[in-house]
Each structure stands twice: as C-alpha cells, then as structure tokens.
Amino acid sequence: MRKPILKVALASTLVFGAVGAQAAFAQAAGVKQNQPVNVFDKKVVNKINADNIYTNIDYLSQTPRVAGTESEYNAVQYIKSQFESYGYETEIQPFTFYGYTPPSNMELTIDGYGGELQPRSFTYSVNGDVSGELEFAGQGTPEELEGADLTGKIALIQRGSISFAEKVLNAAEKGAAGVIIFNNAEGPLSGTLGAHNEEYVPALALSKAEGEAILALLESGESLTASLTIEGAEAGEKISHNVIATKKPTSKKKANDDIIVVGSHHDSVAGAPGANDDASGTAMTLELARVFKEIPTDTEIRFVTFGAEELGLIGSYHYVDSLSDDEISRTIANFNLDMVGSRDAGDLVMMTLDGKENLVTELSQASSERLNGEPTPVYQGGRSDHVPFAEAGIPAALFIHSPTEPWYHSPEDTIDKISKEKLQDAAEIVGTAIYDKARFDNMGPKPKKKHKMKAAPEMVYEQDVK
Ligand code: BES
Ligand code: ZN
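Residues numbered from 1 in each chain as written. Chains lettered and ligands numbered in written order. Predicted model: local features only at pLDDT ≥ 70, side-chain atom pairs only at ≥ 80, totals over all residues. Heavy atoms only, no water.

Asker: I keep staring at the coordination of the zinc ion (ligand 2) and nothing clicks. Help me out?
Answerer: Think of it this way: four donors in a tetrahedron around the metal ideally sit 109.5 degrees apart, and six in an octahedron ideally sit 90 or 180 degrees apart. Looking at the zinc ion (ligand 2), one finds its protein donor set to be H265 (NE2), D277 (OD), D338 (OD) and D338 (OD), positioned 1.9 to 2.6 Å from the metal centre. Of note is the zinc ion (ligand 2), whose six donor atoms meet at the metal with angles of 52 to 164 degrees in an arrangement that counts as irregular. Mapped onto the sequence, the donors of the zinc ion (ligand 2) take the spacing H-x11-D-x60-D. One end of the pair, H265, is in strand β10 (residues 259-265); the other, D338, is in the loop between β12 (331-337) and β13 (347-352), and 73 residues separate them in sequence. In this structure H265 comes out as buried when scored by relative accessible area, which is 0%. (Donors = N, O, S within 2.8 Å, 3.2 Å for Na, K, Ca; no water. Tetrahedral: all angles 85-135°; square planar, octahedral: opposite > 155°, others 65-115°. Helix = DSSP H or I, 4+ residues; strand = E, 2+ residues; numbered from the N terminus. Buried < 20%, exposed > 50% of the residue type's maximum accessible area, 1.4 Å probe, protein only.)

Okay, here's the thing in structure tokens:
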C-alpha cells in the first residue's frame, strides 16, 4: 500500500511545476535517497495505465506461446504491431535453436506386472517401438554396467549419480533396446536428456513407487517383459525471434552514448497460457515503450522482448551475442521484467546474478523509495533474461514478485490471476527509475556514478538433468 506522503508530494510538485521543481532539487541536494515523488517521476507515473498492460496480457495469454511454434510467432507479430502503433521502428531478430516436440503418444506395458503405470517422456526422448526382457541396471553408471550384456533388453535404471542422458547412453552402449528410469524421490519424474543424440534408445520415466514395485518383482525372481512405445516426438532446428523497438535520444546535441535495455520474454512453457510468466513483463515493456515515446530523453532506450527464454534464455543470449563490443560497453543497464503482475505472489523484489547492488537496483531502490516510501529489496537470483547481460558485465536485474504464485508454469497461469495494482506499482518503479537516468541532465540532479562489473559470474540456475 502507498504511504500518504505520496499525495502530499504530488500536490507540491503540481504547484511547483518544472521550474519550481529544479529549485526544490537544488535545496534537497544531498538527501536524494529520501526525496519524495518528484516532478520527473510524475511525468512518467501519470502516463502509465495498468489497463493497457492488462489488455495486452489478456490478448497474449489466449494460448501458450512455446518457442518456435506458430503461436509464439503470432505473439511476435502482435508485439511488433503494438510497438509500431506507438511510432517505433521495430526489428524482428530471428535466431535458430535445436528444439523438441514431446511425443503425441507413449505406452509402457510390463507383462507380469499387474499395477498401473503412468510413464512420462524425457525432453529429447526418441521415438521407437521396442520390447525385451527387463533387467535392473542399478543407476546405470559405467562401473555398474561393466561386463554387462543388455542386448535386446529393456534396462530398468534408478535416478541418481549421473545424468539421465548418460544412463540412456551407457545402457544403449551395452545393447539395450530401451530404458526405463525411475525416481529416487517421491513423486513423478520429469526430466530432460539435455540435447538430441543419435545414440539414444527410447526412454521413459516412472515414479519411485512404480519403479520400486517393478524392481521388487524382479528381485523376487520373476521374469518380466517390457514393451515401450514412443510416437510423435520431434527434434530439429526451430526458429524463434526477439522483438526490438529502439528509442534514440531525443536531441542529438545533448545526447549521451548510453543504452538502457528494458525487456521481458514473450514465450511460455507448453500447456501454460503464461499470463504472468511472462505476458505480464511483455505487456509492461510495451506500456513503458508507449509512455517513453512521448518523453524526451538523452539516453537510447531499447525495448526488447525475447523468445525462447523458457528453453534456456536462448533469445537473450542471442541478443547479447549480437551486440558489438561498442554496444556492450555503452549498455549501462538491463531491466528484466519477468512475472510482474500476479495477484497471488508476494512483494516486488529485484534479483541480480551475483546478489549485489548495481546501477539498476540503485535507480530502482531510489524510485521505489520516492514512490512508496520503501526501497524494493535486492536478492540473488538467475533463472531469467538478465543473466546474459550480467555475464557480459552489464548491470542487470530481474523484477519479480516473491514468493511466486502457485500457478507458475501451469495451465492456471491465466488473466484472472493478474492484479492491475501490482502491474501499476511495478511499472511506476521501473519507469521512474529509467527516467531518472535517461532524462536530460539539465533538468535536475542525476546519479553520475558509472557502474561496470568486471567478472562474468557463473550461471546459477540448475537444470534438472540428474
Ligand atoms: N519466470 C521464470 C523465472 C523465475 C521463476 C525466477 C521463479 C525466479 C522465480 C522463468 O521464465 C523460468 O521459468 N526460468 C527457468 C530457467 C530458465 C533458464 C530456463 C526456471 O526457473 O526453471
Ligand atoms: Zn519467465
């Protein structure tokens, strides 16, 4: 909730007008961190309209937007047309990646086992129709399989020690026709083989309970035959796109060389309409673009929506890789908006790859303090499109509500769970933080510190491959 100070401060800036505000700044110099909302903030805040953001989330979240699919491309075209309707020149930046379409059908039967089975495929499981004698192969490590002959057999393997891909390859090397991997923790097992490999044999996953029940039968001396069918899976090169709208400095004369990138990812995971993840950030990027079109700035601002984030930040890596050394050194900030509107999530936080403050968090803490009376906290976190920027030494932060909502990556991530109040609040904090840096220098005090990170920190998220 907003502090009452806001209303008073707004009223006083209204009275001052732009010239009066400069005088007020001169007096307030030195106590910048605690300044109330100012005339510059107001310029941005007054233009941001959460209804616009909501309407665009609604449009984008009609279907899932899985990278490389037609629905992602439709979203890309829509985003481009929205940017253009605000008057931006907009570039669609294509890139290819190796994608995977999950099977349309999979079956697993084990003759001699009476229980029900609910097999899952791995990402990159290959198609096939195989059957053979079932043999337990431990965790499928090279040591356990030394001297084993699995020719024509189906290997039953427990999760743990090595990656799913290694288990499948080790068993295949010993002649296995197929592989079943069961969980070593409660619940179903969904994992990835990491990448396509011609050497894979068909592989399915079972829960711990299912795997242990089958193993108990084998260990009691039963002989079991397993049949495994996987159909419709498709691995191959796919195309996704980033969408880039650029706002050049308003006047060449007083411009600086800096570039600020505001972005979000427009793709979603399969089966999820992705209203919050991340139509919310995409629609907020659009709204900030609309707002800034009418506001003079001395800094270049790029509004970018990325494709294929959910498949490993592929679009944002492509964007950063496509920058020249000169552009990288001129890019002073990346504001990454990912999951910024859920009614059911916690408060707004910022996450940086190294957990440290940087230009983005400092500008945003100052703006949130001016607007709401308290600074948005900073935590450590990767898992989104700010990572490639941070790795390139660019100050970057993820804006997200934490803890995240229960609908994350589910079919329930829909428009009805979106809060206009949360959208408005996050957009105001980010918009005023950007304007604090990007407005013309002669309009009042601006932070002058030049931030540059040296090291390229390691990726911090883990992929579930073991
Ligand atoms: N929006 C999420 C990132 C996220 C979720 C960050 C919850 C912090 C808390 C993002 O779209 C996502 O799902 N990322 C992947 C990792 C990515 C590298 C594929 C994830 O977190 O599983
Ligand atoms: Zn996301």
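Asker: Help me out: how do you make sense of the pairing of strand β5 (residues 154-158) in this one?
Answerer: Along any regular strand the residues' side chains alternate between the sheet's two faces. Most of β5 sits inside the fold, with four of its five residues counted as buried. In this structure, strand β4 (residues 128-136) lies alongside β5, joined through three bridges in parallel fashion. Following the sheet pairing, L134 is matched in β5 by I154. Of the crossover connections in this fold, the one passing from β5 over helix α6 (residues 164-173) to the parallel strand β6 (residues 178-182) is right-handed. (Pairing = 2+ DSSP bridges. Right-handed = clockwise from strand over helix to strand, strands pointing away.)

Asker: Would you take a moment to explain the site of ligand 1 for this structure?
Answerer: Not every one of the 14 residues close to ligand 1 is listed here, only the nearest: E309, D338, R383, Y408 and H409. Here a nitrogen atom of ligand 1 and a side-chain polar atom of D338 are 2.9 Å apart. Contacts to ligand 1 include R383, whose side-chain N or O atom sits 2.5 Å from an oxygen atom. Protein coverage of the free-state accessible area of ligand 1, which is 510 Å², stands at 85%. Here the shell around ligand 1 is composed, by residue class, of five nonpolar, four polar and five charged. (Near = heavy atom within 4 Å. Polar contact = N/O pair within 3.5 Å; in protein donor to acceptor, adjacent residues only side chain to side chain. Areas by Shrake-Rupley, 256 points an atom, 1.4 Å probe, with all protein chains shown as cover. Nonpolar A, V, L, I, M, F, W, Y, C, P; charged D, E, K, R; others polar.)

Asker: Hey, could you run me through unusual backbone geometry in this one?
Answerer: If a residue is not glycine, its phi is most likely negative; likewise, a peptide bond is most likely trans. Cis geometry marks the peptide bond from D277 to D278, where omega comes out at 0 degrees. Along the chain, D278 falls in helix α8 (residues 275-293). Within the chain, M339 stands out as a residue other than glycine whose phi angle is a positive 75 degrees. Along the chain, the position of M339 falls in the loop between β12 and β13. Among the residues examined, M339 registers a relative accessible area of 5% and is labelled buried. With a phi angle near 65 degrees, R383 is a residue other than glycine that sits in the positive phi range. Following the sequence through the fold, R383 ends up in the loop between β14 (378-380) and α12 (386-391). Under the relative-accessibility criterion, R383 is labelled exposed at 56%.

Asker: What is the right way to read the packing of helix α3 (residues 50-60) against helix α13 (residues 420-438) from this model?
Answerer: Two packed helices can be described by the angle between their axes and the distance between those axes. At a closest axis distance of 9 Å, the pairing of α3 and α13 adopts a crossing angle of 115 degrees. It follows from the interaxial angle that α3 and α13 lie roughly perpendicular. Regarding α3 and α13, the two cross each other, and that crossing is right-handed. On α13, the residues that touch A50, D51, I53, Y54 and I57 of α3 are K420, L423, Q424 and A427. Grouping the constituent residues of the contact of α3 with α13 by class yields six nonpolar, one polar and two charged. (Axes fitted to C-alpha atoms, helices over the stretch in contact; angles between N-to-C directions. Parallel < 35°, antiparallel > 145°, perpendicular 65-115°, else oblique. Left-handed = near helix turned anticlockwise from the far one by under 90°. Contact = heavy atoms within 4.5 Å.)

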